[in-house]
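# Chains, contacts and geometry: an overview
As a plain string of letters, each chain reads:
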Amino acid sequence: MNDRKIIFIGGIHAVGKGMFCKELAQKFNFEHLSASQVLKWNEISDPKNKKVQNFTTTQDRLLTNLDRIIKSNKKYLLDGHFTLLNSNGEPEKIDESTFIGIQPESIILLTCEPKIIFERLKQRDDSIYKLSVLEKMQQMEAEHANYISKKLKIPLYTVIDGNAGSIIEYLKNYENTN
């Protein structure tokens, strides 16, 4: 039996995971962790650089650090990704072993219009991404979230453009049973 109480919040860069998690954490007494924070991304990369040089090393570091942080008596929202940009700037799926190691109880996937994400990234990171790359990445993110949900036999909820109505009901029930 899984004694971890983790809900994985997935979505591509600038989809709104941080704000979404902040709101849910306040409302439902969760601790919010971001994969970047757990990885200590600023120690291993420029914070504005979204490219991952070595997926295996990075994901191993995530799991090791997560094991040090997670307490069995707390509930967590872990925001992260199902796909990342590899060193060539191409979207690549994160290996399923990472999600097996995280042991989430459920997944919430955030999606948003790629043109909005494009503008957010430009403003937030002062970076220009090809719209086609963002579109491909979001499509891969959704496909991989669905695959991981089925593989781990856990529920997947999708939030489109921040519309979290059905998620609120799920979290109320989650709060009452955990």
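These lines cover the structure that appears in this document, whether it is placed above or below. (Residues numbered from 1 in each chain as written. Predicted model: local features only at pLDDT ≥ 70, side-chain atom pairs only at ≥ 80, totals over all residues. Heavy atoms only, no water.)

Before going further, it helps to examine helix H6 (residues 114-125). Between its first and last C-alpha atoms H6 spans 16 Å; for 12 residues at 1.5 Å apiece the expected length is 16 Å, and the two agree. Those residues of H6 that fall on the buried side of the exposure criterion are Pro114, Ile117, Phe118, Leu121 and Asp125. Buried residues in H6, looked at end-on, bunch into an arc of 105°, giving them a common side. Facing away from the buried side of H6 by over 90 degrees, the exposed positions are Lys115 and Gln123. Next to the buried residues of H6 lie helix H7 (131-152). (Helix = DSSP H or I, 4+ residues; strand = E, 2+ residues; numbered from the N terminus. Expected span 1.5 Å × (residues − 1). Buried < 20%, exposed > 50% of the residue type's maximum accessible area, 1.4 Å probe, protein only. Arc of directions from axis to C-beta. Contact = heavy atoms within 4.5 Å.)

Moving on to the layout of surface pockets. Within this model, the second largest pocket holds a volume of roughly 220 Å³. Residue lining of the second largest pocket: 16 residues in total, with Gly16, Met19, Phe20, Glu23 and Gly162 positioned closest to the centre. Where the lining of the second largest pocket is concerned, the elements lending two or more residues are helix H1 (17-28) and strand E7 (106-111). Considering every element that reaches the lining of the second largest pocket, the biggest residue donor is H1, with five residues. (1 Å grid on protein atoms, 1.4 Å probe; cavity = no way out; pocket = protein on both sides within 12 Å on 5 of 7 lines; lining within 4 Å. Points joined across faces, edges and corners; volume = space filled by probe spheres on them.)

Even without glycine at this site, Ala14 takes up a positive phi of about 70°. Tracing the backbone through its elements, the reader meets Ala14 in the loop between strand E1 (6-10) and H1. Ala14 sits in the buried class, given a relative accessible area of 9%. Despite not being glycine, Asn29 has its phi angle at roughly 60°, a positive value. In this structure, Asn29 sits in the loop between H1 and strand E2 (31-34).

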